[in-house]
Every structure is written in structure tokens, then in C-alpha cells.
Amino acid sequence: MMHLVTGATGQIGSELLPALAEVYGADHVIAVGHRREPAADMPVAAYCSLDIRDQAALKKIVAKHRIACIYHLAALLSAVAEARPQLAWDINMNGLFNVLEVAREHQCAVFFPSSIGAFGPNTPKIDTPQDTLQRPSTVYGISKVAGELLCDYYQRRYGVDARGLRFPGLISYRTPPGGGTTDYAVEIFAAALQNRRYQCFLKADTQLDMMYMPDAIAAIIQLMQANPSELQHHNAFNITAMSFTPEQLAAEIRKHIPDFNIDYRIDPIRQGIADSWPAHMDDQAARKEWGWQPRYDLPAMVSDMLLHMR
Ligand code: AKB
């Protein structure tokens, strides 16, 4: 069974590739990227350069490599999408539409990463339910809600096995995220180690859901391997591992680097986005339907990040 990853050189893709190679064998993994190529030692059968908006080119790759499962990670993140809304719509929506169309024709399963960005200012902020009001106020969020609905539509109408997760902010040390509202929780580690100080673009008390990358990668693989008869939702599962503010993250880092200092210079765009997102999602549906269980909480994540970044 062949697996294809779009956005393969991005923050999630660069860690999903080796994980898939370990589970299914490197000769069963095809990487698709746009601007950058994966590292030379990345364990994949082939790398294909592709603009995800080019449906014909995607179709050729899927047919040539007999792809059975597409992990569609190519997308613009929230802050960069607010700066370039037309481009974000084009890449996030047309990219997903192309993937689903090709999946329909070639009977592929699809993984689609949604986000806490799919919620909006009117969504309940604490214990955000799996099924609730979703009226996001960002173009990123609108593209994620539309993406969730489109995945459900292709599943119902054409039987495409489209599954997905609503990711919180993802924290990792291999590849930087680039253009997200939760990026502070990644940047802070390099700044703490190099300069002993970090200037945060979100307010000290902005509480958001977060997750360490090893948990996110395990969740993708576990969801795609789940028995379909156990799934009531298929798509857009809330999942979270921890929920904290910049102040709480800084306090945890200070346990390892006592002279670390954080100060704040608020970016109104990213603060506005963060204020429209939930503080803590309820992920019981994922736990019940396919056994979601994170391994890393805040202290474990901070220790591991600093260990690897040092
Ligand atoms: C972002 O900040 O845009 C992403 C996300 C939470 O979807 N990390």
C-alpha cells in the first residue's frame, strides 16, 4: 500500500515521512513538495515537485505510484493566510478539492488536518464540544471548516475514506512551522537557549491548546489505521494534549533555564486570531472512537524540546 504526503517538507510533513517509512517501509512513501526538497537522507521512495493547485499533475503522480492513501498537509497557516487571503483560499481550498477529486477517481483514503482555527469567537471556549457552533473569523478558519465539510461530503457522496483531526498548536524542533498564530510556542525554545529572553507576540494570559509533534504524528497514523466501523465521526476530531498560556510555558522553561525572561510586544493580528480560538477542546470523541491518548504533557514536552535543541 503506497502513501503520499503533500506539504512533505513542512512542519508536520518532515516528521510524518520518517514515521510512515518506519511503519510501512520507505519504499511505500512518496513525498510531494513545492519549493523545498526533503533532506537527502529522508527515507522515501521518491520526491515529486508539485503545485497542489495542479490537479492533472497530482493525478499523474497518484496513478504512477498507485497511491492508496494521501496525507494532504500542504496549506497556508493562520497568520500568513490573513496577510494573503486570496492566495490562502486558492491553496487551502483548491488544493484540498484536487486531492479529494483525485482520491475519488483512484479510490484513495485521505487525511486532512483541520485546526482549532476551525472554531470562532462564538464557539464555547472551554471544553469546546466535538460538534458545536463553527463560525470562524479568519480566512484560514473558513478554509478549515469548508475543508471539514468537503471531506464529509466526499465521504457520504462518493465513499472516499476521508479522515481528519482538529490540531491545536504543534510544537516541534525539527522544522519550524512558519506563519501560524501558535508559532510563539516553538520560537520561545531557541530564544531561551540562545539569548535567555523571548519577546512574545501574544499576551501573557492567552490560553490555547497545544501538542508535541510525536503525539500529533502518532495520532495521524492511529486514526488512519482505525477500524472504520468504530468511527462515528471519520473527520475533524478534536484532539489536544495540553493547554497553556505564554506565561505558563515560560515558567516551565524557567525550571530548566532559571535566568530566562519573557516580555511581550503584542501583534494585534495574531492576538485577534488567538482570541477567537478555544482555550481548551473536549477530545472525548477521539478518545472513545479510536483510542486517542497523548503521551506528552507540558513538563514532559518542555524537557524533551530542551534536550533535543541543546
Ligand atoms: C496556526 O497557528 O495557524 C496553526 C494552527 C493552530 O492551526 N498552528
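How each quantity is defined
- All residue numbers refer to position in the chain's written sequence, counted from 1.
- Totals for whole chains, interfaces and linings use all residues, but because this is a predicted model, local features are given only for residues with pLDDT of at least 70 and pairs of side-chain atoms are given and counted only at 80 or more.
- Where side-chain values are given, they derive from all heavy atoms of the structure, hydrogens and water being excluded.
- For two strands to be treated as a pair, DSSP must find at least two bridges joining them.
- Secondary structure elements follow DSSP: runs of H or I no shorter than four residues count as helices, runs of E no shorter than two count as strands, and numbering proceeds from the N terminus.
- Buried means the residue's accessible area, taken with a 1.4 Å probe over protein chains only, is under 20% of the maximum for its type, while exposed means over 50%, and partly exposed covers the values in between.
- Between the N-to-C directions of two axes lies an angle of 0 to 180 degrees, each axis being a line fitted to C-alpha atoms and, for a helix, fitted only over the stretch in contact.
- The sense of a crossing depends on the near helix, which, turned anticlockwise from the far helix by less than a right angle, makes the crossing left-handed and, turned clockwise, makes it right-handed.
- The contact definition used throughout considers only heavy atoms, calling two residues in contact when any of these lie within 4.5 Å.
- Note: domain ranges come from an automatic or database domain assignment.
- By definition, the buried area sums, over both parts, the 1.4 Å-probe accessible area that each loses when the two are put together.
- Take a side-chain nitrogen of Lys or Arg and a carboxyl oxygen of Asp or Glu: if they are within 4 Å of each other, that pair is a salt bridge.
- Here a polar contact is recorded for every N or O atom pair within 3.5 Å, except that within protein the pair must consist of a potential hydrogen donor and a potential acceptor, and residues adjacent in sequence are included only if both atoms are side-chain atoms.
- Whether a set of points on the 1 Å grid over the protein atoms alone is a cavity depends on a 1.4 Å probe fitting there but being unable to get out, while an open set qualifies as a pocket with protein on both sides within 12 Å along at least five of seven lines; lining residues are those with an atom within 4 Å of a point.
- Grid points are joined across faces, edges and corners, and a volume is the space filled by probe spheres set on the points.
- Note that Gly is not counted as nonpolar here; it falls among the polar residues with everything else outside the nonpolar set of Ala, Val, Leu, Ile, Met, Phe, Trp, Tyr, Cys and Pro and the charged set of Asp, Glu, Lys and Arg.
- Small angles under 35 degrees read as roughly parallel and large ones over 145 as roughly antiparallel, with 65 to 115 read as roughly perpendicular and the rest as oblique.

K.L.:
How would you explain the sheet that holds strand S5 (residues 109–115) if you had to name every residue and give the values?
P.N.:
Within the open sheet, the seven strands sit side by side as S3-S2-S1-S4-S5-S7-S11. Their pairing is parallel. The sheet terminates laterally at strand S3 (46–49) and strand S11 (237–238), the two strands that pair on one side only. Relative to S11, strand S7 (residues 162–167) runs parallel, the two being bridged by two bridges. Among the inter-strand pairings, Arg-166 is bridged to a residue of S11, identified as Asn-238.

K.L.:
So, the pairing of S7: which residues are in play, and what are the values?
P.N.:
Counting buried residues along S7, six of its six residues qualify, which places the element largely inside the surrounding structure. The alternating pattern of S7 places Ala-162, Gly-164 and Arg-166 on one face and Arg-163, Leu-165 and Phe-167 on the opposite face, and all of these are buried.

K.L.:
Can you break down the packing of helix H6 (residues 184–195) against helix H8 (residues 246–254) residue by residue, with the values?
P.N.:
Across the interface, H6 lies against H8 with an axial gap of 11 Å and an inter-helix angle of 30 degrees. Two packed elements cross with a definite hand, and for H6 against H8 that hand is right-handed. Counted together, Tyr-184, Ala-185, Ile-188, Phe-189 and Ala-192 of H6 and Pro-246, Leu-249 and Ile-253 of H8 form the full contact between these two elements.

K.L.:
Give me the lowdown on the domain arrangement of the chain, citing residues and values where you can.
P.N.:
Assigned domains within the chain: domain 1 (2–169 + 212–238) and domain 2 (170–210 + 241–280 + 296–309). A straight line from the C-alpha centre of domain 1 to that of domain 2 covers 24 Å. With 32 residues of domain 1 in contact, the opposing surface of domain 2 contributes 34 residues. Summed over both sides, the interface of domain 1 with domain 2 buries roughly 2600 Å², with 61% coming from carbon and sulfur. If you sort the residues of domain 1 by the area they bury against domain 2, Gln-11, Gly-169 and Tyr-212 come out on top, with a joint share of 32%. Here domain 1 is connected to domain 2 by one salt bridge. Between Glu-15 and Arg-174 there is a salt bridge whose closest N-O contact spans 3.7 Å. At the surface where domain 1 touches domain 2, the tally comes to 17 residue pairs in polar contact (both at pLDDT 80 or more). Of all the secondary structure elements, the ones that give two or more residues to the side of domain 1 that touches domain 2 are helix H1 (13–24), helix H3 (78–83), strand S6 (126–128) and helix H7 (213–225).

K.L.:
So what's going on with empty space enclosed by the protein? Residues and values would help.
P.N.:
With the rule as written, the count across this model stands at one cavity of 30 Å³ or more. What the largest cavity holds in volume is close to 40 Å³. Around the largest cavity sit His-72, Leu-73, Ala-74, Ala-75, Asn-92, Phe-112, Pro-113 and Lys-144, which together line it. Grouping the amino acids of the lining of the largest cavity by side-chain chemistry returns five nonpolar, two polar and one charged.

K.L.:
Break down the sheet that holds strand S10 (residues 208–212) for me, with residues and values.
P.N.:
Overall, mixed pairing links the three strands, which are arranged S8-S10-S12 in an open sheet. Two strands bound the open sheet, and with one partner strand each, they are strand S8 (169–171) and strand S12 (242–244). Averaged over all pairs of adjacent strands, the angle between strand axes in this sheet comes to 40 degrees, irrespective of strand direction. Across three bridges, the pairing between S10 and S12 is antiparallel. Paired with Met-210 across the two strands is Met-242, which belongs to S12. Contacts between H6 and the sheet are confined to S8, S10 and S12, with S8 contributing the most and set at about 25 degrees to the helix.

K.L.:
Account for the pattern of salt bridges, with residues named and values stated.
P.N.:
Taken as a whole, this structure holds twelve salt bridges when the rule is applied. Asp-90 is paired through a salt bridge with Arg-53; the nearest N and O atoms lie 2.9 Å apart. Of the two residues, Asp-90 sits in helix H4 (residues 85–106) while Arg-53 sits in the loop between S3 and helix H2 (55–64), which places them 37 residues apart along the sequence. Since its relative accessible area comes to 31%, Arg-53 is described here as partly exposed. As a salt-bridge pair, Lys-255 and Glu-252 come within 2.9 Å of each other at their nearest N and O atoms. Classification of Lys-255 by relative accessible area gives exposed; the value is 62%. Accessibility expressed as a relative area gives 8% for Glu-252, which makes it buried.

K.L.:
Would you mind going over the packing of H8 against helix H11 (residues 298–309) in detail, with residue names and values included?
P.N.:
In the contact formed by H8 and H11, the axes pass within 10 Å of each other and the chain directions differ by 55 degrees. One way to sum up the angle between H8 and H11 is to call them oblique. The two elements H8 and H11 meet at a crossing, and its hand is right-handed. Touching Gln-248, Leu-249, Glu-252 and Ile-253 of H8 are Leu-298, Pro-299, Met-301 and Val-302, all from H11.

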